[in-house]
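# Examination of the molecular architecture
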Amino acid sequence: MSGLIEWLIEVLGRFVIATISTFGYTGIVITMAIESACIPLPSEIIMPFSGYLVSTGQFSLLGVTLAGAIGNVLGSLVAYYVGVWGGRPFVERYGRYVLISQQDVDLADRWFAKHGEAAVLIGRLLPVVRTFISLPAGIARMDIKKFVLYSFVGAVPFCYALAYVGLKMGEHWNQLHQYFHHADLVIGLCLALGLGYFLWSHWPKRRASVE
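Residues numbered from 1 in each chain as written. Predicted model: local features only at pLDDT ≥ 70, side-chain atom pairs only at ≥ 80, totals over all residues. Heavy atoms only, no water.

What follows is about the overall build of the chain. Looking only at helices and strands, one finds 13 helices and zero strands in the chain. For the chain, the succession of helices and strands along the chain, N to C, is α-α-α-α-α-α-α-α-α-α-α-α-α. For the chain, buried positions account for 47% of its 211 residues. In the chain, 74% of the contacts between residues at least 6 apart in sequence involve partners at least 24 apart. (Helix = DSSP H or I, 4+ residues; strand = E, 2+ residues; numbered from the N terminus. Buried < 20%, exposed > 50% of the residue type's maximum accessible area, 1.4 Å probe, protein only. Contact = heavy atoms within 4.5 Å.)

A few words now on the side chain of Arg130. By the element assignment, Arg130 lies in helix H8 (residues 129-132). For Arg130, the side chain forms a polar contact with the side chain of Glu35, separated by 2.7 Å. Residue contacts for Arg130: discarding those within four places in its chain leaves Met32, Glu35, Ser43, Asn72, Gly123, Arg124, Leu125 and Phe158. (Polar contact = N/O pair within 3.5 Å; in protein donor to acceptor, adjacent residues only side chain to side chain.)

Quick look at the nonpolar core now. Within the largest apolar cluster, 23 residues are counted, with the highest numbers of intra-cluster contacts made by Ile20, Ile28, Ile46, Met47, Phe59 and Val64. It is helix H3 (residues 43-55) that provides the largest number of residues to this core, a total of seven residues. Leave out the neighbours within four places in its chain, and Ile46 touches Val16, Ile20, Thr31, Met32, Glu35 and Leu41. Val129, Phe132, Ile133 and Ala137 belong to the second-largest nonpolar core, a separate cluster that totals 16 residues. (Core = buried A, V, L, I, M, F, W, Y, C linked by side-chain atoms within 4.5 Å.)

Printed below as a string of structure tokens:
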């Protein structure tokens, strides 16, 4: 399992770096949209790498923050309409194919039930919740204008914080990039640990054994 996780980390890292390096701000929008559509492409790689490119002069911090937030909204709209049109049965039936666990959806459901529409705003700052909160919002048919506004406002500080970390990491990014390239070491301390745990905890066979 550990070898598979390391391979997935390398593949995801390469995809993010290649997409952003090729398409610039649009690449940030694309990758953050994928992440926010409940597909496991971690923003913990996307936004720090974008922040690194700020340190090289390729991007601006404001630009990458806005691109990340816009991508977040676009991907969240996909998840929102999955909730509107397919509801919970659709997620339960097909979520396994993109590593959406029942626990993740249940957590987002509880947050939305407890905090109402404000959960969309607050939840953007929280791990796991931020990715899946769009589903219960769609199922509840939250007003679309409020959903877009809350999603954008909540995504801005999250995207800024991760990009700022990447900016400060600037001079060390080449070392991290070597880890991605060779795939023979754990990638970047907390980054690799967080992503590795996400993939491990969402892997269907492991969930089946636990359940």
